[in-house]
Every structure is written in structure tokens, then in C-alpha cells.
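Breakdown of the fold
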Amino acid sequence: MNKKIFFTLAFLIIGKSLVNSQSPYISKVFEYRPAPGQFVNMLPQYEVGDTQADMDRKAEESISDDNGVLISLGGYGGYIIFGFDHPVINVPGAYDFKILGNAIISTPPGATRDGGNCEPGIVLVSYDLNGNGIPDDQWYELAGSEYFKPETVNNYHITYFKPDENKIPTPDPNYPFLSDTTYIKWTDNQGDEGYISRNVFHSHPYYPQWIDAETLFFEGNKLANNYLDLSGTGSLFVQYAYPWGYADNYPNTDERSNFNIEWAVDSNGNSVFLPAIHFVKVYTAVNQYCGWLGETSTEIMGAEDLHPHAVYIKENQINKTILLIDNPAKEFLIIVSYEQQNIDIYDYLGRKQFSFELKSGTNYIPCGQLSNGIHLIKNENFTVKFVKL
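Residues numbered from 1 in each chain as written. Predicted model: local features only at pLDDT ≥ 70, side-chain atom pairs only at ≥ 80, totals over all residues. Heavy atoms only, no water.

**Thoughts on the overall build of the protein**
- Scanning the protein from terminus to terminus reveals two helices and 28 strands.
- Expressed along its principal axes, the backbone C-alpha trace of the protein runs to roughly 85 × 50 × 35 Å.
- Relative to its full complement of 389 residues, the protein shows a buried share of 54%.
- Within the protein, contacts between residues at least 6 apart in sequence are counted, and of these 71% link residues at least 24 apart. (Helix = DSSP H or I, 4+ residues; strand = E, 2+ residues; numbered from the N terminus. Buried < 20%, exposed > 50% of the residue type's maximum accessible area, 1.4 Å probe, protein only. Contact = heavy atoms within 4.5 Å.)

Here it is, written out as C-alpha cells:
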């Protein structure tokens, strides 16, 4: 049976100047914690003496606003946690935000699915229930196309071991691009173990150099491998895209790089209702090594709220919730109500213009007859301002 989380919220559209002050892009990186990988310590660039705070700041400088600079999450489990300067609203039936990566679709002839350079990352979201502005509340996975498939491993754990950078390398004579096939060891809770190899294209350290710990531990769900060696000799790898629901899985211009908060599920796979989210976590979702391409590592270069003009405030006393989608409004007010209720529309001088009965769900209210300027939506519990153009 589906579980729902209900929050007491009212949504407030408060005028064009304030709405435009919100950025649709990432404003804050709370934590950047990559797993080992060939682009770790490069995207972003590590400098001797950098701390975790320094690397969080560098990651933020890369992917915040519309800077569009790639960062790498490394191998399986490597993650980043970020947020916007406002909550991202859950608009019913619509995509809510986009995550930007560097996926490329170059499907080979005869293939039955899209493929190219697709390095999927699992996406989780969180609502700031305790209101402290930091991501310490419950996380909910956005269940993509692979979530309920038997090939997906739930509660996967992996441990990476810090390498001795001075150890004798073990190259592979059959694959001259691999300079050390036993570089960074890993073990998991499925009884498997292996290595992230070092290749001749990247000779710098792959283990995050600002982390002193001798091991790195990550956990989550793991997707099935998505690569295929079309050559059979390790020279032509294709990483296939999953149908939907993962970061760095489809090009940024494709709607399949968009995400819907309505996909959120709890740890038991039950759907949950989140009216908005404050924090996003992305982690590399596969544990695979693709020859000369190296480990599969999710890269991201930003994220975008797809409807940043929806704004809300929380009032503990209000027991009825509505969401205004567009601000300013032109021909229609688009209002989502979570229950049937009556509202009145007033001009800013307090003169009643008309009344309307909201149904539970999405309501389209003609407002072309209203004069331009600020108006009020009222009922017995709340007052909401909006701008009519």
C-alpha cells in the first residue's frame, strides 16, 4: 500500500521582482565525495593542501549557476549533494528539474537500444522537514526505469582501498593502455572483488587526495552493467542508456535528462508524496570497467529547476494547501489544490472580483478579465498574492 507524507504548506506567488530573484540553477554544494576514478582530482582540480571544504567549494564553483563545468563522481557510489536557493516544487504531471551531464548517444547500426557514452547516476531527493537548511532528513530515491527490475541489486555495499602510489605496477601486455591492473582494490557485499586499473592516459592519483582514510565505503542500489564490447577485443565499448530516470544517461537536450519528484519512493519501494524538495543527491550507479575507457563514472555539470517561478511559504496554522504554477499569470491561473475548497479573488484594494470552487487536482481559472497588477486569492485559512499581466 502506498504511503504518503503530508506537509502543511501554503504556496505564495508574491510578485515578479521577487520571483525573478530566484535562480533556476544550483546554488550550493553540501558535499562532494567521489569514489576513485581517472578524473578524480582533476574534475575539479585538487591542489596540495586542499581540504574537504575546499573540494566542496570547487565542486560548487563548477556546477552552480550556469557555469557548466564538469565534475566527476568516480566509480560506483561516488556522490554529490546539492541544493537550490529555493525549494523545487512538485508540479503534478510534469518534470520538475533537469540534471546536466555529458552523455552522448551514438547508437551503432543495428542496435535495438540507444547507446554511446552513458554513465548513469541514481538520483535521490530530500525535503527539509526539520527546517535547518542542511541535508540531514530522509532521502528518497527517484525510481527510474530499472528500480523494480530483478537485475538491480538493492543495499549494495562497496569498499575501496587506498593504493600505495609507489607500488610496482602490473601492466597488461594484451592491453597496452592499462599501466596498472591492480591499482585500487575494491570488495563488495556480494562476495566480489576487483580493481580500478590505472591507464596510460591518466597517470595522476585516482584516489581522492584530500581524504586521509585508508578505505572509502559507499552504499546504495546498483544497476546492471550497461556496456558491451562490440569489438570483442576491448577496442570498441558502447555504454547503453537506460530508458529513463538517471543522471548522465541521456544528452542534456533530451527530456530523458529530466526528473519528476512524483517518482520518489521510500526505502521499501513505496511511493511517497513530496510537495517540494530542498536537496538532491546523485551517485554513480554501476560498478563496471570498460577497457581503455576506464571505470564508468557519472559526470554532472549542473542542474536546473524547470519551473522556478513557483514559490511557497510554510504556515503551520494553515490546514489547506494550494499550489500556484505560473507567476505572473496571463490568461489563466493554474492552481493545484489537494482538496476541494472555495476561493475568492480580490484586487489589491480588497475589492472582490469573483469566486471559484477548486476541485482536488489541477484547476485552470480564466483571469483575462482581471486588471493588470497584484491580486489576492483568499479563503478562510490563507491569502495568496499573484501578479496578473
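**A short note on the confidence of the model for the protein**
- Confidence in the prediction of the protein, expressed as mean pLDDT, is 89, and 92% of residues score 70 or more.
- Within the model, pLDDT remains below 50 along residues 313-319, and this stretch shows 17 contacts once partners closer than five positions in the same chain are excluded. (pLDDT = per-residue confidence, 0-100.)

**With respect to the layout of surface pockets**
- Computed from the structure, the largest pocket encloses a volume of approximately 460 Å³.
- Surrounding the largest pocket, 21 residues form its lining, E141, N155, G220, N221 and S267 being those nearest its centre.
- Looking at the lining of the largest pocket, the elements that each hand over two or more residues are β9 (139-142), β10 (153-161), β13 (215-222) and β18 (276-284).
- Tallying contributions element by element places β10 first for the lining of the largest pocket, with four residues.
- A per-class count over the lining of the largest pocket returns eight nonpolar, eight polar and five charged. (1 Å grid on protein atoms, 1.4 Å probe; cavity = no way out; pocket = protein on both sides within 12 Å on 5 of 7 lines; lining within 4 Å. Points joined across faces, edges and corners; volume = space filled by probe spheres on them. Nonpolar A, V, L, I, M, F, W, Y, C, P; charged D, E, K, R; others polar.)

**Regarding the environment of E219**
- Of note, E219 is situated in strand β13.
- Along the primary structure E219 and H157 are separated by 62 residues, whereas in three dimensions their C-alpha atoms are 4.4 Å apart.
- Excluding its chain neighbours within four sequence positions, the residues that come into contact with E219 are Y76, Y156 and H157.

**Quick notes on the pattern of salt bridges**
- Per the counting criterion, the structure on display carries eleven salt bridges.
- The partner of D114 in a salt bridge is R256, with the nearest N and O atoms 3.7 Å apart. Taken together, the positions of D114 in the loop between β6 (104-105) and β7 (115-117) and R256 in the loop between β15 (237-240) and β16 (258-259) put the pair 142 residues apart, joining distant regions of the chain.
- Counted as one network, the salt bridges with shared partners bring together E47, D50 and K58. (Salt bridge = Lys/Arg side-chain N within 4 Å of Asp/Glu carboxyl O.)

**Observations regarding the sheet that holds strand β25 (residues 352-358)**
- Ordered by their spatial adjacency, four strands build an open sheet running β25-β24-β27-β28, and the pairing between neighbours is antiparallel. Two strands close off the open sheet at either side, each with one partner strand: β25 and β28 (383-388). Averaged over neighbouring strand pairs, the angle between their axes works out to 25 degrees when direction is ignored.
- As defined by bridge partners, strand β27 (residues 373-378) adjoins β28 across six bridges and the pair is classed as antiparallel. Bridge assignment links I374 to a residue of β28, and that residue is V387. (Pairing = 2+ DSSP bridges. Axes fitted to C-alpha atoms, helices over the stretch in contact; angles between N-to-C directions.)

**Focus on a nonpolar patch on the surface**
- A contiguous nonpolar patch, built from V200, F201 and W292 and spanning about 300 Å² of accessible area, is present on the exposed surface.
- Within the element layout of this structure, F201 appears in the loop between β12 (193-199) and β13. (Patch = residues over 30% accessible without salt bridge, like charges linked within 9 Å, V, L, I, M, F, W, Y side chains within 5 Å. Areas by Shrake-Rupley, 256 points an atom, 1.4 Å probe, with all protein chains shown as cover.)

**Thoughts on the packing of aromatic side chains**
- Overall, the coordinates contain 17 aromatic pairs when judged by the stated rule.
- Aromatic pair W244 and W263: ring centres 4.9 Å apart, planes at 50 degrees, arrangement tilted. A residue pair is termed long-range when its members are at least 10 positions apart, and W244 in the loop between β15 and β16 and W263 in the loop between β16 and β17 (264-265) qualify at 19 residues.
- Taking the relative accessible area as the measure of exposure, W244 reaches 34% and is therefore partly exposed.
- Overall, the relative accessible area of 17% leaves W263 in the buried class.
- Within the aromatic cluster, the residues linked to one another by ring pairs are Y95, F97, W244, F259 and W263. (Phe/Tyr/Trp six-rings, centres within 6.5 Å; stacked < 30°, edge-to-face > 60°.)

**Describing the sheet that holds strand β14 (residues 227-229)**
- Taken together, four strands build an open sheet; the order of strands is β6-β7-β15-β14 and the sheet is antiparallel. Each of the sheet's edge strands pairs with one partner strand only, and the pair in question is β6 and β14.
- Relative to β15, β14 runs antiparallel, the two sharing three bridges. Looking at the pairing, Y227 lines up with Q239 of β15.

**Let's talk about the state of the cysteines**
- Summed over the entire model, instances satisfying the criterion amount to zero disulfides.
- Between C118, a cysteine without a disulfide, and C290, which holds the nearest cysteine sulfur, the sulfur-to-sulfur distance is 11 Å. (Disulfide = S-S within 2.5 Å.)

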